Amino acid sequence: MCGIVGFVGNAEASDNVLDGLRRLEYRGYDSAGIATVCDGKLDVRRRKGKLAELAKLLKAEPLKGDIAIGHTRWATHGKPSDENAHPHRVGDVVVVHNGIIENYLDLKAELAAQGAKFESETDTEVIAHLIAGQKGTLEERVRKALSRVRGAYAIAVISSSEPDTMIAAKNASPLIIGLRDDAGLIASDIPALLSHTRKVIVLEEGEMAVVQPGKVKVSKINGEPVNREPRIIEWSAVSAEKGGHKHFMHKEMHEQPRAVIDTLRGRLSSHEATVQLEGLPIDKLAKVQRIMLTACGTSWHASLVGRLMLEELARIGCEVDLASELRYRSPMMGPETLVLAVSQSGETADTLAAIKAAKEKGSPILSVVNVVDSSIARESDHVLYTHAGPEIGVASTKAFITQVIALQLLAIAFGRARGLAESRAKQLVEGLRTVPLLIEQALKSEKAVMDVAQKIRNARSVLYLGRGFGYPVALEGALKLKEISYIHAEGYAAGEMKHGPIALIEKGVPVIVIATQGPLYDKVISNLQEVKAREGHIIAIATEGDRQIGRMADDVISVPDTDPMLAPLVATIPLQLLAYHVADLRGTDIDQPRNLAKSVTVE
Ligand code: AGP
């Protein structure tokens, strides 16, 4: 997500910080800024857009001083703009921040009542106000301020009152201290440090550090002392960008538990058996007669899962159409139809065109988008952000999982507005809380998946089958395999097999079947009999503890047990891993597969 870099030493600090921010550019961002203290004076430069824009500004208006903090921002609260760019300054204090402050609205109201003036739409500015309002050393002021804050954060703070000290603190978002004899460094990610030092201290949850040239003191945010030995980073600069993973796709698959936590943050309410979706007029939206979901590729698969959830929980008639088709149809649409567009990038040309066409017919537009203030977000009447963080690998992984989570949140919210039983809503809310852990467990199937990858690496074609919630998962598994391994793969509704694809099945043809527990399990097993009779190589994705499936399948990959409605989330994980490992064995360009682009902005 966003990048943080801090430097205190005896060199031009802003140059070092700008250089560090450049090394985090690969992560994606939409604005940037740097603050320094020079001769007791705090100074800030911020710019919407790329670092080149900030560099231009710094050339025209240089920042002097030997202490600086900087930031590249990926918008979460408030659009990308100069005002929302970090650092945020209040009085003698300036702050950069990654993550999301859950209780920022309450804090903002409280601070505003005390006379605080806010200049941005960010949650970060609240932290700057809280620190500025405290008394004591900078360390004590940060400690006191953070005792009020709930959420995920990594922050770096400097002040004109203590011009040789940087404070770093973290809870859930990464933050690393770099050690050099003549300087101190802070970064949200290792690549920003490697040109200065390989000696680092990785802060753990709830810890903070006081960083001065050649000196670091680590403690808990609550004041308890911490004794942490530095470690030496052996990674190359390139592997550091990928967090030590071989590819961004691998890193992003393993980021999924964290991404889900960010999607759910502050949105679940077990107490009220519902969800809170920042400012969406759910009661009004839930009155529509019909929902038309529209998207492309992986986002279309997420929409297919969303339709099943919305129909079952909210009892609203739903259709799903590919945006490239919808834009050229003459669908019966008007104010009674809510158009629900799903897009990671928010820039997909077909999806954008489909919602523009729907708008002309008078339909309200709600979008589920990852990139804040993207074209689709701006064109929509309402937006629900997934907060998955930047996705760099072309093959969508964490974006899909977080889209499904966001659609599940919507289905619960619409359901509650349309009579969904409190007990069922509660069950689902509790179920959602367990998803990060379930995904973590599903990722543990990687070893078993690698064995299967060896077996199918030379296949000419692979068939994916599923029913109900397993059908979109089959489509998604097939898309992942074909786009990065270049093996032909087809996803099919298992019940359709006898209407055509069964002709493809002969000895050894890999057939991957989504056979997790749920109301259609027995039907799926019957479909498997048909494959077995023709000696296809059956690879089953099944629920842990399933004894029956082993008699039928040649290979079984187990995923944790869950509510059938949440099963697509866990069942997709081994399919992502399988596509990845098959592609890796075949030596393809996994992060940038041939002929594909991350964001398809042309028709
Ligand atoms: C999936 O792995 C692809 N990258 C692709 O299908 C993608 O989901 C599609 O192009 C839609 O993109 P969007 O979510 O950014 O609109």
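One can find the structure itself at the top, above this paragraph.
Described below are features of the structure shown in this document. (Residues numbered from 1 in each chain as written. Predicted model: local features only at pLDDT ≥ 70, side-chain atom pairs only at ≥ 80, totals over all residues. Heavy atoms only, no water.)

1. Considerations on the pattern of salt bridges
In step 1: Taken as a whole and assessed by the stated rule, the structure comprises 35 salt bridges.
In step 2: With a closest N to O distance of 3.0 Å, Asp584 and Lys246 form a salt bridge. On the criterion of sequence distance, the pair formed by Asp584 in helix H20 (residues 567-586) and Lys246 in the loop between helix H6 (237-241) and helix H7 (248-254) is long-range, its members being 338 residues apart.
In step 3: Accessibility expressed as a relative area gives 24% for Asp584, which makes it partly exposed. (Salt bridge = Lys/Arg side-chain N within 4 Å of Asp/Glu carboxyl O. Helix = DSSP H or I, 4+ residues; strand = E, 2+ residues; numbered from the N terminus. Buried < 20%, exposed > 50% of the residue type's maximum accessible area, 1.4 Å probe, protein only.)

2. Examining the site of the ligand
In step 1: Neighbouring the ligand are 15 residues; Ser299, Ser343, Ser345, Thr348 and Glu483 lie closest to it.
In step 2: Residue Thr348 places a side-chain N or O atom 2.4 Å away from an oxygen atom belonging to the ligand.
In step 3: Taking Ser396, its main chain carries an N or O atom lying 2.8 Å from an oxygen atom of the ligand.
In step 4: If the ligand stood free it would expose 410 Å²; the protein chains cover 91% of that surface.
In step 5: Of all the elements in the fold, those that place two or more residues in the shell around the ligand are helix H10 (297-314) and helix H17 (470-485).
In step 6: Considering only residue class, the shell around the ligand consists of five nonpolar, eight polar and two charged. (Near = heavy atom within 4 Å. Polar contact = N/O pair within 3.5 Å; in protein donor to acceptor, adjacent residues only side chain to side chain. Areas by Shrake-Rupley, 256 points an atom, 1.4 Å probe, with all protein chains shown as cover. Nonpolar A, V, L, I, M, F, W, Y, C, P; charged D, E, K, R; others polar.)

3. Structural notes on the packing of helix H4 (residues 124-132) against helix H5 (residues 138-146)
In step 1: Relative orientation of the contacting elements H4 and H5 amounts to 125 degrees, with a least axis distance of 8 Å. Judged on the interaxial angle alone, H5 and H4 are oblique. Helix-helix and strand crossings are classified by hand; for H4 and H5 the assignment is right-handed. In contact with Ile127, Leu130, Ile131 and Ala132 of H4, H5 contributes Leu138, Arg141, Val142, Ala145 and Leu146. (Axes fitted to C-alpha atoms, helices over the stretch in contact; angles between N-to-C directions. Parallel < 35°, antiparallel > 145°, perpendicular 65-115°, else oblique. Left-handed = near helix turned anticlockwise from the far one by under 90°. Contact = heavy atoms within 4.5 Å.)

4. Some words on the sheet that holds strand E6 (residues 93-101)
In step 1: In space, the six strands of this open sheet follow the order E5-E6-E7-E8-E12-E13, with antiparallel pairing throughout. Looking at strand neighbours, the two that pair on one side only are strand E5 (88-90) and strand E13 (215-220), the edges of this open sheet. On average, each strand axis in the sheet is inclined to that of its neighbour by 20 degrees, with strand direction left out of account.
In step 2: H4 contacts E5, E6 and strand E7 (151-159) of the sheet and is inclined by roughly 135 degrees relative to E6. (Pairing = 2+ DSSP bridges.)

5. A word on the nonpolar core
Soluble, globular proteins show a tendency: their nonpolar side chains are buried together.
In step 1: Residues Ile291, Leu410, Phe414 and Tyr464 are the most contacted members of the largest nonpolar core, which totals 92 residues.
In step 2: Each residue touching Leu410, except ones within four places of it in the same chain, is listed here: Leu277, Leu280, Ile282, Leu310, Leu340, Leu366, Val368 and Leu384.
In step 3: Residues Phe7, Leu63, Ile176 and Val200 belong to the second largest nonpolar core, which totals 27 residues. (Core = buried A, V, L, I, M, F, W, Y, C linked by side-chain atoms within 4.5 Å.)

6. Comments concerning empty space enclosed by the protein
In step 1: Applying the stated criterion across every chain yields a total of two cavities of 30 Å³ or more.
In step 2: In this structure, the largest cavity spans a volume of roughly 100 Å³.
In step 3: Residue lining of the largest cavity: 15 residues in total, with Cys2, Trp74, Thr76, His86 and Gly99 positioned closest to the centre.
In step 4: Counting residues per element, the lining of the largest cavity draws most heavily on E6, which supplies four residues.
In step 5: Here the lining of the largest cavity is composed, by residue class, of five nonpolar, eight polar and two charged. (1 Å grid on protein atoms, 1.4 Å probe; cavity = no way out; pocket = protein on both sides within 12 Å on 5 of 7 lines; lining within 4 Å. Points joined across faces, edges and corners; volume = space filled by probe spheres on them.)

7. Description of the sheet that holds strand E25 (residues 537-543)
In step 1: Spatial ordering of the open sheet is given by E23-E22-E24-E25-E26, a layout of five strands whose pairing is parallel. Edge positions in the open sheet fall to strand E23 (488-493) and strand E26 (555-559), since each of these has one partner strand only. Averaged over neighbouring strand pairs, the angle between their axes works out to 20 degrees when direction is ignored.
In step 2: As paired elements, E25 and E26 share five bridges and run parallel to each other. Paired with Thr543 across the two strands is Val559, which belongs to E26.

Take it as geometry only, folks, not as evidence of what the structure does.
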